[in-house]
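# Overview (structure and organization)
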Amino acid sequence: MAVPVAFFAVFFAYPVTAIVGRGLKAGGDWQFGRIGDVLSRPDILDVLWFTTWQALASTALTLLIALPGAYVFARFDFPGKQVLRAVVTVPFVLPTVVVGTAFLALLGRGGLLDELWGVRLDTTVWAILLAHVFFNYAVVVRTVGGLWSQLDPRQEEAARVLGAGRFAAFRRVTLPALAPAVAAAALMVFLFTFTSFGVVQILGGPAYSTLEVEIYRQTAQLLDLPTAAVLTLVQFAAVGGILAVHAVTVRRRERALKLVDPAQTSRRPRGVGQWALLGGVLLTALLLILLPLGVLVERSFDGPAGYGFGYYEALQSVGAGGSSTFLVPPLEAVGNSLRYALVATLIALVVGGLAAAALTRRAGRLVRGFDALLMLPLGVSAVTVGFGFLITLDKPPLDLRTSWILVPLAQALVGVPFVVRTMLPVLRAVDERLREAAAVLGASPLRAWREVDLPLVRRAVLVAAGFAFGVSLGEFGATVFIARPDNPTLPVAVARLLGRSGELNYGQAMALSTILMLVCAVSLLLLERIRTDRSGEF
């Protein structure tokens, strides 16, 4: 636990505490009375209510739509499976401003829905909920599907032989085994939607505001740091309470599972019902995932003189069309993002892997509390973390303001919870008797972990690496404050282009977004290939 504790203490707790302290202090004295004053305001209460219920609704809708997809990817083998798995993960790494713009083109004035049926959904809750499902579909598919593919199907088949119906066998055998993974996925979806920023700001308009949007407004527009500090504390307390309940309830349902090679559980669909389920999942992916992505691609080629590569060519120069948005060609953001994401993924795997290994040992209340604390970066305002980095990591021995490592550190903060939540259910499902047998045969704890745990969790490690790499590529909230002007990341570059008027800037933003999608899809496809090639090593 030493490395994860030190990492979170220095790069999370210290910056957040510092920025909140500045907001609640006046003349050197703490002003705790501000908390009650802020929370008694009707407009703030409306923000709290909307934040909570839209996150609950988004989580429920995501589980409802994505769980069938998790089953299909875990149990069925069909042509193009690896490509489709990579495609459904792409939305998770897209900057929220890009996704908001894409859904606005689909659901807003002059959008596809408006042109076909004369219906608009922008500035409504439905647009927000659909965009949240678009973002988080892959979280459920990969987190739940990763464990589902390793469950021995013979256990459910035995229940069927003993007289249980298909639904009863699923409810009594498979669902309890999947409960920790489902709860982990639901928790991540809730935290992301609870702190939603770009989607709500673009699609919701002035009528809807989450805590994250309100913190940004109070900080950047109204310069009211005390109110922003109070809202950050409220967000922190709410997320902490949710994580504590999650840690207690999920632990009670964990148990050792018999895990097998996923190649033994995957087969081609059989029967009308299974083919219909596969068709429904493919149709969902087409309408929910591919259609918004297709809009982005189409707009990246739709220039003033017709379809072509004009916007892509403009990315290679500084100040194209008279714009001074960048100090370097925007295309350099591709290389920057890849380098940052690779380093952030390595940091997240080391820190998250050590944390997951420690949590597997069930070593008392301290470890259980640390389990909840690991998820806090997903529930704390990225605006707060970004400002905190700027005001705390500016003095020796941690003067990192001009160092390139600052961006990967901020990105790794978001990646570590995904590594932990992906690896932990699988690690805890490993039968403890296997470790004990290795110890009896003379294996050291390190060798027992290498020989027993690692072969079983290798797939989970690769899934975790994919998530960490993906969220690092798309991280925007904190990176926008600390990325240097001469080394922007892809999301920062896209946001800068979208923040400036002009058709050329908008087209370049769509072109960069398309490049980001392609980079993510290729990376995830390579990861799927490595995972498939190594599946026989279990």
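What you are looking at is a predicted structure, and each value in this text was computed from that prediction instead of being measured.

Rules of the game
Residues numbered from 1 in each chain as written. Predicted model: local features only at pLDDT ≥ 70, side-chain atom pairs only at ≥ 80, totals over all residues. Heavy atoms only, no water. Helix = DSSP H or I, 4+ residues; strand = E, 2+ residues; numbered from the N terminus. Buried < 20%, exposed > 50% of the residue type's maximum accessible area, 1.4 Å probe, protein only. Contact = heavy atoms within 4.5 Å. Phe/Tyr/Trp six-rings, centres within 6.5 Å; stacked < 30°, edge-to-face > 60°. Salt bridge = Lys/Arg side-chain N within 4 Å of Asp/Glu carboxyl O. Patch = residues over 30% accessible without salt bridge, like charges linked within 9 Å, V, L, I, M, F, W, Y side chains within 5 Å. Areas by Shrake-Rupley, 256 points an atom, 1.4 Å probe, with all protein chains shown as cover. Lys, Arg positive; Asp, Glu negative; His and termini not counted. Charge placed at Lys NZ, Arg CZ, Asp CG, Glu CD. Expected span 1.5 Å × (residues − 1). Bend = angle between axes of the 7 residues up to and from the residue. Core = buried A, V, L, I, M, F, W, Y, C linked by side-chain atoms within 4.5 Å. Polar contact = N/O pair within 3.5 Å; in protein donor to acceptor, adjacent residues only side chain to side chain. Axes fitted to C-alpha atoms, helices over the stretch in contact; angles between N-to-C directions. Parallel < 35°, antiparallel > 145°, perpendicular 65-115°, else oblique. Left-handed = near helix turned anticlockwise from the far one by under 90°. Nonpolar A, V, L, I, M, F, W, Y, C, P; charged D, E, K, R; others polar. pLDDT = per-residue confidence, 0-100.

Secondary structure summary: the protein chain contains 24 helices and 4 strands in total. Split into buried and exposed, the 538 residues of the protein chain put 54% on the buried side. Sequence-distant contacts, at least 24 apart, represent 80% of the contacts inside the protein chain between residues at least 6 apart.

Another point: the packing of aromatic side chains. Tallying each qualifying case throughout the model produces 15 aromatic pairs. When the centroid spacing of 5.2 Å and the interplanar angle of 75° are considered together, the rings of phenylalanine 103 and phenylalanine 134 count as edge-to-face. With phenylalanine 103 in helix H5 (residues 96–107) and phenylalanine 134 in helix H7 (residues 125–148), the pair connects residues that are 31 residues apart, well separated along the chain. Here phenylalanine 134 falls in the buried class, since its relative accessible area comes to 1%. Three or more aromatic residues link up through ring pairs in this structure, and these residues are Phe7, Phe8, Phe11 and Phe12.

Right, let's talk about the pattern of salt bridges for a bit. This model, assessed by the stated rule, comprises 2 salt bridges. Measuring nitrogen to oxygen at the nearest pair gives 3.1 Å for the salt bridge that ties arginine 41 to aspartate 43. Using a relative accessible area of 27% as the deciding quantity, one classes arginine 41 as partly exposed. Residue aspartate 43 is classed as partly exposed on the basis of its relative accessible area, which comes to 33%. Ionic pairing is found between glutamate 214 and arginine 217, a salt bridge with its closest N-O pair at 2.7 Å.

The subject of this paragraph is a nonpolar patch on the surface. A surface patch of nonpolar side chains, about 850 Å² in accessible area, is lined by Leu112, Leu116, Trp117, Val119, Leu283, Leu286, Leu287, Leu290 and Leu291. Looking at the nonpolar patch, the elements with two or more residues in it are helix H6 (112–117) and helix H13 (271–301). Broken down by element, the nonpolar patch gets its largest block of residues, 5 residues, from H13. Along the chain, leucine 291 turns up in helix H13.

Attention now moves to a positive patch on the surface. Positive charge collects at one region of the surface, where Arg160, Arg166, Arg267 and Arg270 lie side by side. Within the secondary structure, arginine 160 sits in helix H8 (residues 153–161). Accessibility expressed as a relative area gives 36% for arginine 160, which makes it partly exposed.

We now examine helix H1 (residues 2–24). Compared with the 33 Å implied by 1.5 Å per residue over 23 residues, the 31 Å span of H1 between its first and last C-alpha is a close match. At alanine 9, H1 shows its largest bend, some 40°. Looking only at H1, the buried set comprises Pro4, Phe7, Phe8, Phe11, Phe12, Pro15, Val16, Ile19, Val20, Gly21, Gly23 and Leu24.

Moving on to the nonpolar core. Judged by nonpolar contacts, the single largest core of 154 residues is most densely connected at Phe7, Phe389 and Phe418. Filtering out sequence-adjacent residues up to four positions away, phenylalanine 7 remains in contact with Phe12, Ile347, Val351, Leu409, Ala412, Leu413 and Val416. Counting residues in hydrophobic clusters, the runner-up holds 6 residues, among them Val430, Ala438, Ala443 and Leu456.

A few words on the side chain of threonine 479. Along the chain, threonine 479 falls in helix H22 (residues 479–482). Threonine 479 sits in the buried class, given a relative accessible area of 0%. Among the polar contacts listed, one links the side chain of threonine 479 to the side chain of glutamate 475, at a separation of 2.3 Å. Residues within four places of threonine 479 in sequence aside, it is in contact with Val407, Gln411, Thr489 and Val492.

The subject of this paragraph is the environment of alanine 60. Within the element layout of this structure, alanine 60 appears in helix H3 (residues 42–75). As for alanine 60 and valine 189, which are separated by 129 residues in sequence, their C-alpha atoms are 9.3 Å apart.

The contact between H3 and H13 brings their axes to 10 Å, and the two run at 125°. As judged from the angle between their axes, H3 and H13 are oblique. Pair H3 / H13 crosses with left-handed handedness. Counting all contacts with H3, which are made through Ile65, Pro68, Gly69, Tyr71 and Val72, the residues of H13 involved are Leu277, Leu278, Val281, Thr284 and Leu288. Among the residues forming the contact of H3 with H13, the class breakdown is 8 nonpolar, 2 polar and no charged.

For the rest of this paragraph, the subject is the confidence of the model for the protein chain. Any segment with low pLDDT has predicted coordinates that should not be analysed in fine detail. When pLDDT is averaged across the protein chain, the result is 79; 88% of the residues are at 70 or more. Confidence drops under a pLDDT of 50 for residues 534–538, and excluding neighbours within four residues, the segment shows 9 contacts in the predicted structure.

A few words on the side chain of asparagine 136. Positionally, asparagine 136 belongs in helix H7. Exposure remark for asparagine 136: the relative accessible area of 3% places this residue in the buried category. At a separation of 2.8 Å, a polar atom in the side chain of asparagine 136 contacts the main-chain carbonyl oxygen of histidine 132. Residues in contact with asparagine 136, not counting those within four places in the same chain, are Thr62, Phe92, Val189, Phe192 and Thr193.

Attention now goes to the environment of glycine 198. Position of glycine 198 relative to the elements: it lies in helix H10 (residues 198–204). A residue is classified by how much of its surface remains accessible, and glycine 198, at 1% relative accessible area, is buried. Taking C-alpha positions, glycine 198 is 4.8 Å from threonine 96, a pair spaced 102 residues apart along the chain.

To continue, consider the environment of alanine 412. Relative to the assigned elements, alanine 412 resides in helix H19 (residues 406–429). The buried category is assigned to alanine 412, whose relative accessible area is 0%. When the C-alpha positions of alanine 412 and serine 472 are compared, they lie 6.9 Å apart, and in sequence the two are 60 residues distant. Once you skip the residues sitting within four places of it in the chain, alanine 412 turns out to touch Phe7, Ala344, Ile347 and Ala348.

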